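These are the residues of each chain, in order.
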Amino acid sequence: MKLDNVIAVRKDKTVYRDGDKTIKVFNEKYSKSDILNEALNLARVEETGLNVPKIHEVGVVDGKWCIVTDHIEGKTLAKAYEDNPELMEDYLKLFVEIQMEIHEKQCPLLTKLKDKMRRKISLSGLDATTRYELSTRLDGMPKHTKLCHGDFIPTNIILKSDGTPYIIDWAHATQGNASADVARTYLQFHLKNNAEMGDRYLDMFCLMSDTPKQYVQQWMPIVAASQMVKGKDEEREFLLRWASVCDYE
């Protein structure tokens, strides 16, 4: 494997291209179990038939764990609408269509979304009363087994030159309620200071999927609490405001 063509640098990992392969190299602090779980998630999602990079290898390079997949040549959906703002609505519609296609799939061996959310609420650092209220709300939400991406944002969609979309970064994939996945995407837009796009996204998703907006909103305090586990100081005040609301409006 050649590690001389860096295509992305992220927290705790660097992504390289070697011919028709992408090599994601994790730093020494990254949990081995999280790396193996990410690879397993991708392998399981690959079996659904969705357009995802095929996994080829999990190994160690220069003493660091790595995941080797197909390299998908193209531009992210975020870059596409940045370059063509007049096509914003078309790209947003495509974004929603891809997410709805994901939610149509089942991946029964993935971690259950409710189990993951329950663990994150317990580790959120919120006071006991708020944790209890959020856990009670979580327990009362309908149990579904739909495939959920867990980090469905425009930078995780790559459009090939022929327009074919590929979905990347399945580290947070679970099976559960699709509206939780939607609430997390909506939250991510707000965290990136793009509330207007988040509102347009939510309106379009609810319209196209015939989902009541109030149903998605019930998940918002829960996903906000789960985000607090990341411990980002710059997000804490915003997330506290969302997570502390019992009847989200």
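About the cut-offs
Residues numbered from 1 in each chain as written. Predicted model: local features only at pLDDT ≥ 70, side-chain atom pairs only at ≥ 80, totals over all residues. Heavy atoms only, no water. Pairing = 2+ DSSP bridges. Helix = DSSP H or I, 4+ residues; strand = E, 2+ residues; numbered from the N terminus. Axes fitted to C-alpha atoms, helices over the stretch in contact; angles between N-to-C directions. Contact = heavy atoms within 4.5 Å. Salt bridge = Lys/Arg side-chain N within 4 Å of Asp/Glu carboxyl O. Buried < 20%, exposed > 50% of the residue type's maximum accessible area, 1.4 Å probe, protein only.

Participant: It is not clear to me how the sheet that holds strand E9 (residues 165–167) should be interpreted in this structure. Could you clarify?
Facilitator: One key point about sheets: their strands pair by backbone hydrogen bonds, in either a parallel or an antiparallel sense. In space, the three strands of this open sheet follow the order E6-E8-E9, with antiparallel pairing throughout. The sheet is open, and its two edges are formed by strand E6 (75–76) and E9, each paired on a single side. Where strand E8 (residues 157–159) lies against E9, three bridges are found, and the strand directions are antiparallel. Residue pairing for E9: Ile158 is matched across the bridge by Tyr166.

Participant: Help me understand the sheet that holds strand E5 (residues 64–70), please; the structure alone is not making it clear to me.
Facilitator: Taken in spatial order, the five strands of this open sheet run E1-E2-E3-E5-E4, and their pairing is antiparallel. Both edges of this open sheet fall to strand E1 (6–10) and strand E4 (55–61), since each of them pairs with a single strand only. When strand polarity is set aside, the average angle formed by the axes of neighbouring strands in this sheet is 20°. The pairing of strand E2 (residues 13–18) with strand E3 (residues 21–26) spans six bridges and is classified as antiparallel. Within the sheet, the bridge partner assigned to Arg17 lies in E3 and is Thr22. Its contacts with the sheet place helix H1 (residues 32–46) against E3, E4 and E5, and it is angled at close to 15° to E5.

Participant: Please clarify how the pattern of salt bridges should be interpreted in this entry.
Facilitator: Should the charged atoms of two oppositely charged side chains come close, the side chains can pair. Tallied over the entire structure, the rule returns 14 salt bridges. As a salt-bridge pair, Arg10 and Asp169 come within 3.1 Å of each other at their nearest N and O atoms. In this pair, Arg10 is assigned in strand E1 and Asp169 in the loop between E9 and strand E10 (174–176), connecting sequence segments 159 residues apart. Note that Asp115 and Arg118 form a salt bridge whose closest N and O atoms lie 3.3 Å from each other. Taken together, the residues Asp115 and Arg118, both in helix H4 (residues 113–122) and three residues apart, mark about one turn of the helix. When its relative accessible area of 35% is taken as the criterion, Asp115 is described as partly exposed. Residue Arg118 is classed as partly exposed on the basis of its relative accessible area of 32%. Via salt bridges that share partners, Arg10, Lys24, Glu38 and Asp169 belong to a single interconnected network.

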